[in-house]
Amino acid sequence: MADRKATLQIDGQSIELPVLSGTAGYDVVDVRTLGKHGFFTFDPGFLATGSCESKITYIDGENGILLHRGYPIDQLATQADYLEVCYMLLHGEAPTAEQYDNFKATITKHTMVHQGLHNFFNGFRRDAHPMAMLCAVTGALSSFYHDDLDIHDEKQRLRSAYRLIAKMPTIAAMAYKFSIGQPFVYPQNDLSYSENFLNMMFSVPAEDYKVNPIIAKAMDRIFTLHADHEQNASTSTVRLAGSSGANPYACIAAGVASLWGPAHGGANEACLRMLKEIGSVDNIPKYIEKAKDKNDPFRLMGFGHRVYKNFDPRATVMRESAHEVLQELNIDDPLLDVAMELERIALEDPYFVEKKLYPNVDFYSGIILKAIGIPTNMFTVIFALSRTVGWISHWHEMMGEANQKIGRPRQLYTGEAKRDFTPIKR
């Protein structure tokens, strides 16, 4: 893996560093021995630093490529369901029919939560943010499975993974029901993963609720398209927490907390806020001009992507689902009219085409969630629900490494040099 060497010349020293090559992507200069020579690298935001070795997800932002275990995301989103993707992320290969059936049965068996967990919600204010509840309750799961937390036992790690994948939709729906004052809805084993989530979100004891298959399909795609995204802020947070030996529920709660930040998981919420600011189709030309003006602080949210410099490979599939949902529901909503007109302009206007500011997955997922009646404060909760399998897959992979080390970044200290302390005279 390290046939080549990079030579660093500094202060009269010649330091040789191995150059590592992966399956795809940039080669990597291995700087682990640099500290022995009196130097460290400085890379705020880790923009040019590989923190780990992983076999799970590969992103090529320049060419719009996203692979999970080698499988292109567009193929997974159109030819597999979310639980197939979950199995593949965890186990490395797409499941056989028998493996899929067994996995689905296992996840279904774990969807209910301990009745004692219901009491946790009574400690929250009614107006608590659903992400606050999700973060707290996810961490609290460890108190119910404290005798099954040996992180060095692969079987126990996988059981924890299955529980988290199964219970996150239940907990997410409970957070929503609590916030609107409705009774919790128990899981139903005859429903698919996405159908079950929608039923727990929208059904009430007073009447029957039938899940719309178009909505269920769109929700499954949202789950799939957000399942993993390599070493982003929340995944890195999960890995860093896990490196200390923390239990998996605490690690996933840490991931939820990281995802809660508006710079990470709140992108589709930001899209909806932008649509509200624009207000109507008549206002779009004014805001398009504002977006083109570099001196104007207004930015079109949900267009372009920090990672994908060409196009977001998830957006094409999500666009199809967004249009299917809008056609199926035939909703009269001014904000959705604004969204569709913005999409048309972004795909045709030379300014957006030249700069490759195409609608991304957050733009379309926000439209879908808005259309089916999910409140904006639940958007990031659904993101966390979807991403749980990615987080726990990376955690499981890391815990299986023979020489796994605790994360301990260095720093460039710019504070005071050593000085003497003078006691206060009393």
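An unreviewed UniProt entry annotates the protein as Citrate synthase of Pseudidiomarina aquimaris. Quoted verbatim from the Pathway (unreviewed entry) field of UniProt, the annotation for the protein is "Carbohydrate metabolism; tricarboxylic acid cycle; isocitrate from oxaloacetate: step 1/2."

Participant: So what about the overall build of the protein? Which residues, and what values?
Facilitator: The helix and strand inventory of the protein stands at 17 helices and six strands. Over its C-alpha atoms the protein spans a radius of gyration of 24 Å, differing by no more than 12% from the 22 Å that the globule rule assigns to 426 residues. Its C-alpha atoms give the protein principal-axis dimensions of about 75 × 70 × 60 Å. A burial count over the protein gives 47% of its 426 residues as buried.

Participant: Tell me about helix α10 (residues 248-259), and name the residues and values.
Facilitator: Helix length check: α10 (twelve residues) gives 16 Å between terminal C-alpha atoms against 16 Å at 1.5 Å per residue, within 8%. α10 sits mainly inside the fold: nine of its twelve residues count as buried. If you check which residues of α10 are buried, you get P248, Y249, C251, I252, A253, G255, V256, S258 and L259. Looking at the packing, one finds that the buried side of α10 touches α5 (130-140), α6 (154-180), α9 (233-243) and α17 (379-399).

Participant: An account of unusual backbone geometry is requested, with residue identities and associated values reported.
Facilitator: For D11, which is not a glycine, the phi torsion comes out positive at approximately 50 degrees. The topology assignment puts D11 in the loop between β1 (4-10) and β2 (13-20). Look at D11 and you get exposed, because its relative accessible area is 70%. Phi angles above zero are rare outside glycine, and F46 is one such case at about 55 degrees. Structurally, F46 is set in the loop between β3 (28-29) and β4 (57-60). Judged by its relative accessible area of 56%, F46 is exposed.

Participant: Could you give an account of the pattern of salt bridges, with specific residues and numbers?
Facilitator: Applying the stated criterion to the full structure yields 17 salt bridges. Bridged by salt links that share partners, the residues D148, R159 and R163 form one connected network.

Participant: Outline the sheet that holds β3, listing residues and values.
Facilitator: Ordered by their spatial adjacency, three strands build an open sheet running β1-β2-β3, and the pairing between neighbours is antiparallel. Looking at strand neighbours, the two that pair on one side only are β1 and β3, the edges of this open sheet. Pairing between β1 and β2: seven bridges, direction antiparallel. Bridge assignment links R4 to a residue of β2, and that residue is V19.

Participant: An account of the layout of surface pockets is needed here, citing residue identities and associated values.
Facilitator: Approximately 190 Å³ is the volume attributed to the second largest pocket. Lining the second largest pocket, in full, are A291, K294, F298, R299, L300, F303, Y351, F352, K355 and L357.

Participant: An account of the UniProt feature "active site" (unreviewed entry) in the protein is needed here, citing residue identities and associated values.
Facilitator: On the UniProt side, "active site" (unreviewed entry) is annotated at positions that read H305 and D362 here. With the annotated positions falling across 58 residues, the maximum pairwise C-alpha distance of 9.5 Å places them together in a single cluster. With respect to the element layout, H305 can be found in the loop between α12 (284-292) and α13 (315-329). When residues no more than four places from it in sequence are discounted, the contact partners of H305 are H229, D312, R314 and N360. With respect to the helices, strands and loops of the structure, D362 is situated in helix α16 (residues 361-371). The buried category is assigned to D362, whose relative accessible area is 11%. In this structure, D362 is in contact with H226, A267, N268 and C271, ignoring residues within four places of it in sequence.

Participant: Run through the pairing of β4, naming residues and quoting values.
Facilitator: Pairing between β4 and strand β5 (residues 65-68): four bridges, direction antiparallel. What sits directly across from T57, in β5, is H68. Between the antiparallel neighbours β4 and β5 lie four residues, among them G64 with a positive phi of about 65 degrees.

Participant: If you had to explain the side chain of K177 to someone new, which residues and values would you point to?
Facilitator: Turning to its location among the elements, K177 is positioned in helix α6. Here K177 is buried and forms no salt bridge, its nearest opposite-charge partner E207 lying at an N-O distance of 9.6 Å. Here the side chain of K177 touches S203 through a polar contact of 2.8 Å, landing on its backbone oxygen. Setting aside its immediate chain neighbours within four residues, K177 contacts Q182, P183, F184, V185, M200, M201, F202, S203 and V204.

Thresholds, definitions, all that
Residues numbered from 1 in each chain as written. Predicted model: local features only at pLDDT ≥ 70, side-chain atom pairs only at ≥ 80, totals over all residues. Heavy atoms only, no water. UniProt positions renumbered as here; feature names shortened; annotations may be inferred. Helix = DSSP H or I, 4+ residues; strand = E, 2+ residues; numbered from the N terminus. Rg over C-alpha atoms; globule rule 2.2 N^0.38 Å. Buried < 20%, exposed > 50% of the residue type's maximum accessible area, 1.4 Å probe, protein only. Expected span 1.5 Å × (residues − 1). Contact = heavy atoms within 4.5 Å. Salt bridge = Lys/Arg side-chain N within 4 Å of Asp/Glu carboxyl O. Pairing = 2+ DSSP bridges. 1 Å grid on protein atoms, 1.4 Å probe; cavity = no way out; pocket = protein on both sides within 12 Å on 5 of 7 lines; lining within 4 Å. Points joined across faces, edges and corners; volume = space filled by probe spheres on them. Lys, Arg positive; Asp, Glu negative; His and termini not counted. Polar contact = N/O pair within 3.5 Å; in protein donor to acceptor, adjacent residues only side chain to side chain.

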